[in-house]
Amino acid sequence: MTKTVRKLRPADFWKVGEHESWFSDMSQEGLHIYDIGTHFAKFKKGERKQMEYRLELAKDKYISNDKIDLYKENGWDYIASDRYFHIFAAPTERKTKEVEVHSVEYIAVLKSLQRKMLLNLLVTVGGVALILFVLYRFWFLDNTKILLLIDGGLEVTLILAVINSLYIISAFKSWWGITWVRKKFIEGELIDHHKPWELSFLYNKITYIFNIVIAIIAIIIPIYQITKMDHLTLPKEENSLPIVRLESIENNPHLVRMEWGNYVSVNWSAFAPIIYETVENGEEKTGEWTDPNNSYTPIIYSNIYQLRFQFLVDPLVKDLIKESNYESNDKKFFTETTHEKFDQLLIHEGDEVKEFIFVKDNAVMYISYNGKVKADVIIDQAAEKISLLTNK
């Protein structure tokens, strides 16, 4: 049984000389081309042979019998067709003649290919423009760009923008390449049938691998993110999560947790492998607070991030401040306070709500607390909890 081998093509379709030279070199290694696709060529493994190859650019994969007969009369065997060229071959020892190409007909073929490549380029540019418009609407118009990025809302869109930008480069190269081939044909420049292909192959291989890696990342990220996402009722008992709990700061035996609105959301993004959002509500059940009109219902809300990159810390802190001010009628000013357990500690104390931003290494914790407990108690608990994210 004849063994077949698939190999990545060395260059774009319009690089005729490189392909012809490559096919000849492969035949010398005992690999003989029999089929070709967009990215790969298929070879049959056999005896080493000295072969010559000729490629003729075409508008599509279809080839007429008259064309095959014309090449056969001049000593060339038809091998296969790509979307944009036909392949012919002959042993080096065979007496062959170069097939005379009809100038007007061939220029028309090249012009048709030129229009196709230009249409591909325009469609690709349109796709990238649409993606950039989405990014503009959801990111550039947003006042908290880094927070949106870290929360994982734009990673796939950004990757798609990169992929399509690479397609723009490829489409432009194809349009420019076929334009260059047409120009050289009109000028009467002959094709170098043994043009070196190694450098083109290296570039094509690197580009192909890079595109595959980017595409795999674009698939893996949302799938992995889905497996990490969760929305749970916050357990009543203390656990190992880096979350400041009401019970630990209130220290009130008469405080019970409300039955609703207590949750922890778990998320993941390429920029923050650990993301928590939590809400916990409590209610005083004895003493003066039993009066429904005079109830004590503390609530604590937190956003917790373990960032992958240190340079994201400062912009995230700024965005958390912006986010805090978003629904406020009055401008909130956070006061920075020095604390030995934190790299940065920002506090805003309003009439009813206390807000904190804690930073230690790559960990950032935002807490909003509505209740009677003093700030120092919350700070001490936050110092204990944030150490779970930094292992310090």
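Note that this is a predicted model, so its numbers are computed, not measured. (Residues numbered from 1 in each chain as written. Predicted model: local features only at pLDDT ≥ 70, side-chain atom pairs only at ≥ 80, totals over all residues. Heavy atoms only, no water.)

**Some remarks on the side chain of Glu284**
With respect to the helices, strands and loops of the structure, Glu284 is situated in strand β10 (residues 272–284). Owing to a relative accessible area of 5%, Glu284 belongs among the buried residues under this scheme. In this structure the side chain of Glu284 is engaged in a polar contact, spanning 2.7 Å, whose partner is the side chain of Asn252. (Helix = DSSP H or I, 4+ residues; strand = E, 2+ residues; numbered from the N terminus. Buried < 20%, exposed > 50% of the residue type's maximum accessible area, 1.4 Å probe, protein only. Polar contact = N/O pair within 3.5 Å; in protein donor to acceptor, adjacent residues only side chain to side chain.)

**Some words on the packing of aromatic side chains**
For the structure on display, the rule yields 18 aromatic pairs. Considering the side-chain rings of Tyr224 and Trp268, the 4.7 Å spacing of their centres and the 80° angle between planes classify their relative orientation as edge-to-face. Pair noted here: Tyr224 is in helix α6 (residues 198–228) and Trp268 is in strand β9 (residues 263–269), with a separation of 44 residues, a long-range link. On the basis of relative accessibility, which here comes to 35%, the residue Tyr224 falls in the partly exposed class. (Phe/Tyr/Trp six-rings, centres within 6.5 Å; stacked < 30°, edge-to-face > 60°.)

**So, a nonpolar patch on the surface**
Taken together, the side chains of Leu130, Phe133, Val134, Tyr136 and Phe138 make up a nonpolar region of the molecular surface, amounting to roughly 520 Å² of accessible area. Relative to the helices and strands, Phe133 is located in helix α3 (residues 103–140). The class of Phe133 is partly exposed, set by a relative accessible area of 48%. (Patch = residues over 30% accessible without salt bridge, like charges linked within 9 Å, V, L, I, M, F, W, Y side chains within 5 Å. Areas by Shrake-Rupley, 256 points an atom, 1.4 Å probe, with all protein chains shown as cover. Salt bridge = Lys/Arg side-chain N within 4 Å of Asp/Glu carboxyl O.)

**Quick word on the side chain of Arg257**
Its location among the elements puts Arg257 in strand β8 (residues 255–257). Looking at Arg257, its side chain comes within polar contact range of the main-chain oxygen of Leu234, at 2.5 Å. Only 3.3 Å separates the side chain of Arg257 from the backbone oxygen of Pro235, close enough to count as a polar contact. For Arg257, the residues in contact, after removing those within four places along its chain, are Thr233, Leu234, Pro235, Lys236, Arg245, Asn262, Glu280, Asn281 and Gly282. (Contact = heavy atoms within 4.5 Å.)

**Quick word on unusual backbone geometry**
The phi dihedral of Asn251 is positive, around 50°, even though this residue is not glycine. Within the element layout of this structure, Asn251 appears in the loop between α7 (246–250) and β8. Taking the relative accessible area as the measure of exposure, Asn251 reaches 67% and is therefore exposed. In this model, Asp361 sits at a positive phi of 55°, which is unusual for a non-glycine residue. With respect to the helices and strands, Asp361 occurs in the loop between β14 (353–360) and β15 (363–370). By relative accessible area, Asp361 is classed as partly exposed at 25%.

**Digging into a positive patch on the surface**
Together, Lys59, Arg83, Lys111, Arg115 and Lys116 make up a positively charged patch on the protein surface. With respect to the helices and strands, the residue Arg115 is situated in helix α3. (Lys, Arg positive; Asp, Glu negative; His and termini not counted. Charge placed at Lys NZ, Arg CZ, Asp CG, Glu CD.)

**Some thoughts on the sheet that holds strand β6 (residues 85–91)**
Read from one edge to the other, the open sheet built from three strands follows the order β4-β6-β5, with strand pairing classed as antiparallel. The open sheet terminates on both sides in strands that have one partner only, identified here as β4 (51–57) and β5 (77–81). The mean inter-strand angle of the sheet, taken between neighbouring strand axes irrespective of direction, is 25°. Examined bridge by bridge, β4 and β6 share seven bridges and lie antiparallel to one another. (Pairing = 2+ DSSP bridges. Axes fitted to C-alpha atoms, helices over the stretch in contact; angles between N-to-C directions.)

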